[in-house]
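# Fold and geometry: a report
Take a look at the letters that make up each chain.
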Amino acid sequence: MQKTVVNCFFNKHNEPMNKKNIFNPPTPVENHFLNLSKLDFCYDPDEKIPVIQVNNFPNLGQLTALRFLEWVQNNPEGVVSLPTGKTPEYFIRYAEHYLKYWEDKSTSAFLEEVGFDHSRKPRLENLQFVQIDEFFPISPTQHNSFFDYVMKYYINGFGISAERAQLIDATQIILPQGKTYNEIFPDDVVDLSLRFSQPNTTKGRLQKEAIERVDEFCTDYERRIRDKGGIGFFLGGIGPDGHIAFNVRGSDYFSTTRLTPTNFETQAAAAGDLGGIEVSQKRLVITIGLQTITHNPEATCLIFAAGEAKAKIVAGSVQEPANNTYPAGALHNMPNARFYITVGAAVFLDRRQAHEIERAAEVSEELVDQHLITLSMRSRTPIQDITEAQVAEKQVPAIALKRSSAELPEIKERIFQNLQAKLNRGLTPVEDDVFFHTAPHHDDIMLGYLAHIVHLVRTPRNEHHFAYMTSGFNAVTNEFVRDQILNALEHMGTEQFNRLKAESYYDADNVAGAQRDIYTYLDGVAHHSRTLRNNGSSRRLIRNLLILYPEYNLDTLTVIMNKLIEYLNTRYPGQKDDPVMQLLKGRIREWEADLVWGHYGTPIKNVHHLRLGFYKGDIFTEDPTMDRDVQPILEYMEKIRPTVVTLALDPEASGPDTHYKVMQAIAEAIRLYKERHPEAPLRVWGYRNVWFKFQPTDANIFVPVSLNSMAIMNETFKYCFQSQVDAPFPSHEFNGPFSGLAQAIQVQQHQDMKRVMGRDFWYENAHPRVRAAHGLVYLKEMELEEFYTRARELQKVTESQA
């Protein structure tokens, strides 16, 4: 077994600068994955902490699981803190797999290859578990509490002793006068300024005393961890602001366990768990501190991250000198601290990128072009004005240019011509095509490329079908559903309702009535009439309720409507709904999508809602199956006979998110369709919206976006996606509706290309759409083999571990 000994901190004489800063060499497990990556453990002096890079999200789970079991072998009674959320999915799966099949021949052979002593199966029952953090206030019985997660996956799942676990259950704190949290904080708002004030009301004094008791709980929690000798094994994710545990950006490196507020980025990330941003903004957290994590100087501290969305915060945390802006900087002096990341999360670690270019057998034109385009954007120098000196100053572009077979002038001209060709493709009319526009969620298509669709639908020579693969019920809050039901109850008391009832308007098979729902709502948009809009929404909701509850009719429907209101009033935010409520929330999202394409005259029969079964609202989404998920897509393709299929394209194939799993199902449906119809013309367009962004070299169609197109997108989102207009589940990048974030991305992409191609190219262009552009949409058209390759890369890994 090859051994690697690394020190990130050397002086000019190649001597360790400080014994404290010496990182311990990689373990056998780490060596195995380092050898697979063919990258160094740490690139001094740029990287301040060792990094192990893997290809994809399942590999990341495999690495972390093996490293955990390796540590447990040597520390069977050690103190461990393990993460919650979606990132640990494959960590949990792999750990359970290896423990279950430890004696299996193939498993044992692999473990010995990795470096395990197979004679000692790790025993987890005697570990001492320390919970990392928890929302406050929250009941530990709620399925969206971290306490529940820990009990489900680590105490019951891994078999770690509950008696030896130190958990955060704030309901065990005895509050003043024996009251509950709901009694003391009836609106769930905890005002920490009471720590320093003298309240003059009974309520204020009770709240102040309750906060003091929680603070004492936190102090005792910290004391108990230190009495154990500190945490021995810490595994954590990294938040969009760089938070480790709930130590958000700006946290003190000497912080301990405490009750504390969070920031917008963290609240946005937690909104999905807690039932919306309005809830997460109220919640405080109890979290261990950065010094809690680093108290044991020999602790193994692992931070894992997947995908390009985490690349910038990973780069700052790894490459920037330790400062409070990057909480992970607290780990820079820990001998056993590491970052475990995927290829996508490593894209801004420049030395790694340079090393990969250096060792590559050959370097593609696309890769060279991308690094020079990046240099152009960062230096604000048009690509045709980039000099040899500018390239030489930056390591990655310099190495890319060195490995290229072309000279700089030729490369610059190639880049400019390629970008111009991509823009021309976005301007060229597309006709005589049948489009099968697909989306994981109901706003994905319009946020991704509505600016292109408004041109595609103008010609009657194209046919358009819009297909939504999931119900999207997780994005609808209880409050919104309750308001919709109340509006519908009001509508049922009108003469208009009675007249429509007499016409059998609400019958489930009345397709013309369903189409009239849309026209009524859109008439309300045109007339600026909230009454008409509510009228249209209420008609559709009543129609959906009759479909979902066939045992009721229009005379008895108010009974179930009132029961539903009672049901919603008893649910805590973020609680998993029963199947029928999931369907109702899903149909609300479907109604919103129907409204979008009603703007463009698309008949309701051309908007398809597949409701694939893998989407169930669980924290870990199931994988798609052939009969349940692929077959419905294939059946629609057989009916439609598309020539273009569009889909949300995951940039890295980075794991268990809905986008990736939908892409896998669509890829398999396309493959089966082409087997049946080998001569049928078919091409694939990949799009991205607010979650992932194309690099300019990834995309091959640039669509100019005018201010008019931006206004259309924002107005369409505002009036159609009523459940989302208040941004209950926002992106951490933007405090507002997704249409605002999509616009910001399109504007930035235009600014980038304006810098690369020169502003005169845009301002003085002969084409009016180019002159009018203030944004750009990027698309990628793929031949089927290229698409199959992208979809297959992670599928192999996922299936092998499943």
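Everything below is about the structure shown above.
Residues numbered from 1 in each chain as written. Predicted model: local features only at pLDDT ≥ 70, side-chain atom pairs only at ≥ 80, totals over all residues. Heavy atoms only, no water.

### Focus on the overall build of the protein
When you go through the protein residue by residue, the secondary structure sums to 30 helices and 16 strands. What you see for the protein is a C-alpha radius of gyration of 28 Å, in line with the 28 Å of a compact globule of 802 residues. Along the first, second and third principal axes, the C-alpha atoms of the protein reach 85 × 80 × 60 Å. Per-residue burial over the protein gives 60% buried out of 802 residues. Seen as two clouds, the 85 positive and the 102 negative side-chain charges of the protein have centres 2 Å apart. (Helix = DSSP H or I, 4+ residues; strand = E, 2+ residues; numbered from the N terminus. Rg over C-alpha atoms; globule rule 2.2 N^0.38 Å. Buried < 20%, exposed > 50% of the residue type's maximum accessible area, 1.4 Å probe, protein only. Lys, Arg positive; Asp, Glu negative; His and termini not counted. Charge placed at Lys NZ, Arg CZ, Asp CG, Glu CD.)

### With respect to the pairing of strand S16 (residues 773-782)
Counted residue by residue, S16 has 9 buried out of 10 residues, so it is predominantly covered. In the sheet, strand S14 (residues 683-687) pairs with S16 via 4 bridges, with the strands oriented antiparallel. Note on S16: the bridge partner recorded for Gly-686 is Lys-780. Pairing of strand S15 (residues 701-706) with S16 involves 6 bridges; the strand directions are antiparallel. Across the sheet, Val-705 pairs through a bridge with Gly-775, a residue of S16. (Pairing = 2+ DSSP bridges.)

### Focus: the sheet that holds strand S2 (residues 79-81)
Taking strand neighbours across the sheet as the criterion, the 6 strands line up as S1-S9-S8-S5-S2-S3 in an open arrangement whose pairing is parallel. Strand pairing shows two members of the sheet lacking a second neighbour, strand S1 (51-54) and strand S3 (128-129), which therefore form its edges. Taken together, the 2 bridges between S2 and S3 define a ladder with parallel strand orientation. Directly across from Val-79, in S3, lies its bridge partner Gln-128. This element, helix H1 (residues 28-37), spans S1 and strand S9 (336-342) of the sheet and lies at about 60° to S1. (Contact = heavy atoms within 4.5 Å. Axes fitted to C-alpha atoms, helices over the stretch in contact; angles between N-to-C directions.)

### With respect to the packing of helix H20 (residues 511-526) against helix H23 (residues 579-598)
It is the contact of H20 with H23, at a shortest axis distance of 10 Å, that shows an interaxial angle of 70°. As judged from the angle between their axes, H20 and H23 are roughly perpendicular. In the packing of H20 onto H23, the handedness of the crossing is right-handed. Contact residues: Asp-517, Ile-518, Tyr-521 and Leu-522 in H20; Trp-591, Asp-594, Leu-595 and Gly-598 in H23. For the contact of H20 with H23, the per-class residue count stands at 5 nonpolar, 1 polar and 2 charged. (Parallel < 35°, antiparallel > 145°, perpendicular 65-115°, else oblique. Left-handed = near helix turned anticlockwise from the far one by under 90°. Nonpolar A, V, L, I, M, F, W, Y, C, P; charged D, E, K, R; others polar.)

### Topic: the packing of aromatic side chains
This model, assessed by the stated rule, comprises 35 aromatic pairs. Taking 6.3 Å as the distance between ring centres and 75° as the angle between the ring planes, the aromatic pair formed by Tyr-549 and Tyr-552 counts as edge-to-face. By relative accessible area, which is 11% here, Tyr-549 ends up buried. Its relative accessible area of 18% is what places Tyr-552 among the buried residues. Aromatic rings pair up to connect Phe-68, Trp-71, Phe-91, Phe-129, Tyr-149, Tyr-153, Tyr-154, Phe-158, Phe-233 and Phe-620 into one cluster. Directly above the aromatic system of Tyr-505 lies the positively charged group of Arg-543, at a separation of 4.8 Å from the ring centroid. Stacked on the ring of Tyr-636, the Lys or Arg Lys-639 has its end atom at 5.3 Å from the ring centre. (Phe/Tyr/Trp six-rings, centres within 6.5 Å; stacked < 30°, edge-to-face > 60°. Lys NZ or Arg CZ within 6 Å of the ring centre and 35° of its normal.)

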